[in-house]
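Summary of the model geometry
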Amino acid sequence: MECEKVIDILQKQAAETYALEWDNVGLLVGSRDKEVKKIYIALDATDEAIKEAIEQGADMLLTHHPLIFRGIKRVTQDDFIGRRVMELVRADISYYAMHTNFDVMGMAEISAEKMGLADVVPLEETCVEAGASQGIGRVGSFAKQMTLGECAACVKSAFGVERVKVFGDFEKKVKRAAICPGSGGSDVKYALLAGADVYITGDIDHHTGIDAVAQGMAVIDAGHYGVEQIFIEFMADYIRRHIPGVEAVAQGRVEPFYYV
């Protein structure tokens, strides 16, 4: 199937028009008329992901985070972005990124479902379509009240992470929860406005965490990769179901750092 037709099907899940204005999504490297028989899916276009895509004989690389985010003035071996772009071109691999458009039309809903939240609404509204609000993150309620410690255990189980960072009293009772996969520091204010007892996200810094607790809301930081890695298996399954004749290869779990 031509890359352009593959992109059309991917956009049925998360159209590029849903991306936030500062983002860079879509086809970032390669040709739209490239024949695609195998797609390699990863969270980031790292050196390892590109190497594995080449070794797998992939025709297309699909990631959540875009390799090219800000403007670049040259493509050379002198920096890691240029080096990776050159590797993709050399291997004739088309590269496509689904970032904040997938955050709006996929990531938020999937993560809320994994946590068992009910009566969910967007945490930060980014657009209204056909009378329905869409946006970053979700806020809803658990079926029953639990302690913050029990909630942390649920987060670990839902996303398969070994540890989480918790701000707040482990015995605090929580029922209303907000979730924002990835780096959620900028959306703390929306979680507070929504009356969340606990905010589940990643990449929360010290001051943001303790300030949230001071305002009555606990925070569980499951790590940026810890939550957003759900993109990989979801999109692999989506491709298998919606793009016949195209093989989907999901990158194995690759933690970006270690605790020592």
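Notes on the structure follow. None of the values given here were measured: they were computed from a predicted structure.

To continue, consider the layout of surface pockets. If you add up the space inside the largest pocket, you get close to 510 Å³. If you go around the largest pocket, you meet 18 residues; those closest to its centre are R163, A222, E255, F257 and Y259. At three residues, the largest contribution of residues to the lining of the largest pocket is made by helix 8 (residues 224-228). Here the second largest pocket defines a volume of roughly 280 Å³.

With that settled, consider the packing of aromatic side chains. Evaluated as defined, the whole model comprises four aromatic pairs. By way of ring pairs, the aromatic residues F102, F231 and F234 are connected into one cluster. Above the plane of the ring of Y259 lies R163, whose end atom (NZ or CZ) is 4.4 Å from the centre.

Residues L10, I41, L62, F142, V198, Y199 and F231 are the most contacted members of the largest nonpolar core, which totals 67 residues. With seven residues, the single largest contributor to this core is helix 9 (residues 230-242). Not counting residues up to four positions away in its chain, the partners in contact with F142 are M115, G116, L117, C151, V174, K175, A177, V198 and I200. In terms of nonpolar packing, the next biggest core, distinct from the first, is built from 19 residues, L28, V29, A42 and A97 among them.

Further remarks concern unusual backbone geometry. Residue D92 is not a glycine yet carries a positive backbone phi of 60 degrees. In this structure, D92 sits in the loop between helix 3 (80-90) and strand 4 (94-97). Looking at D92, the relative accessible area reads 45%, which means it is partly exposed. The backbone of A130 sits at a positive phi, close to 50 degrees, despite the residue not being glycine.

What follows covers helix 1 (residues 3-13). All of the buried residues in helix 1 are C3, V6, I7, I9, L10 and Q13. For helix 1, the arc enclosing every buried residue in end-on projection is 165 degrees, short of the 170-degree limit, so these residues lie on one face. Tucked inside the fold, the buried residues of helix 1 contact strand 1 (26-29), strand 2 (38-42), strand 3 (60-63), strand 4, helix 4 (100-114) and helix 9.

In space, the five strands of this open sheet follow the order 1-4-3-2-11, with mixed pairing throughout. Each edge of the sheet is formed by a strand with only one pairing partner; in this case those strands are strand 1 and strand 11 (247-250). Sheet twist, expressed as the mean angle between neighbouring strand axes with direction ignored, is 30 degrees. Helix 9 contacts strand 2, strand 3 and strand 11 of the sheet and is inclined by roughly 160 degrees relative to strand 2.

Right, let's get into the pairing of strand 8 (residues 173-183). As judged from the six bridges shared by strand 6 (residues 132-147) and strand 8, these two strands associate in the antiparallel manner. If you follow G140 over to strand 8, its bridge partner there is A177. Looking at chain direction, strand 8 and strand 9 (residues 198-202) are connected through four bridges and run parallel. Considered in strand 9, the bridge of I179 is made with I200. Viewed along the sheet, the connection from strand 8 through helix 6 (residues 188-193) into strand 9 turns out right-handed.

On to the packing of helix 1 against helix 9, then. Contact geometry of helix 1 with helix 9 gives a least axis separation of 11 Å together with a crossing angle of 120 degrees. When the axis of helix 1 is compared with that of helix 9, the two are oblique. You can see that helix 1 and helix 9 cross each other, and the crossing is right-handed. The segment helix 1 lies against helix 9, with I9, L10, K12 and Q13 engaging F234, M235, Y238, I239 and H242. Its residues assigned to classes, the contact of helix 1 with helix 9 comprises six nonpolar, two polar and one charged.

So, about the packing of helix 4 against helix 9. Following both chains from N to C, one finds helix 4 and helix 9 inclined at 105 degrees, their axes separated by 11 Å at the closest point. The angle between helix 4 and helix 9 falls in the class roughly perpendicular. Facing F102, M107, I110, S111 and K114 of helix 4, the residues of helix 9 in contact are I230, F231, F234 and M235. When grouped by side-chain class, the residues that make up the contact of helix 4 with helix 9 number seven nonpolar, one polar and one charged.

About the cut-offs
Residues numbered from 1 in each chain as written. Predicted model: local features only at pLDDT ≥ 70, side-chain atom pairs only at ≥ 80, totals over all residues. Heavy atoms only, no water. 1 Å grid on protein atoms, 1.4 Å probe; cavity = no way out; pocket = protein on both sides within 12 Å on 5 of 7 lines; lining within 4 Å. Points joined across faces, edges and corners; volume = space filled by probe spheres on them. Helix = DSSP H or I, 4+ residues; strand = E, 2+ residues; numbered from the N terminus. Phe/Tyr/Trp six-rings, centres within 6.5 Å; stacked < 30°, edge-to-face > 60°. Lys NZ or Arg CZ within 6 Å of the ring centre and 35° of its normal. Core = buried A, V, L, I, M, F, W, Y, C linked by side-chain atoms within 4.5 Å. Buried < 20%, exposed > 50% of the residue type's maximum accessible area, 1.4 Å probe, protein only. Contact = heavy atoms within 4.5 Å. Arc of directions from axis to C-beta. Pairing = 2+ DSSP bridges. Axes fitted to C-alpha atoms, helices over the stretch in contact; angles between N-to-C directions. Right-handed = clockwise from strand over helix to strand, strands pointing away. Parallel < 35°, antiparallel > 145°, perpendicular 65-115°, else oblique. Left-handed = near helix turned anticlockwise from the far one by under 90°. Nonpolar A, V, L, I, M, F, W, Y, C, P; charged D, E, K, R; others polar.

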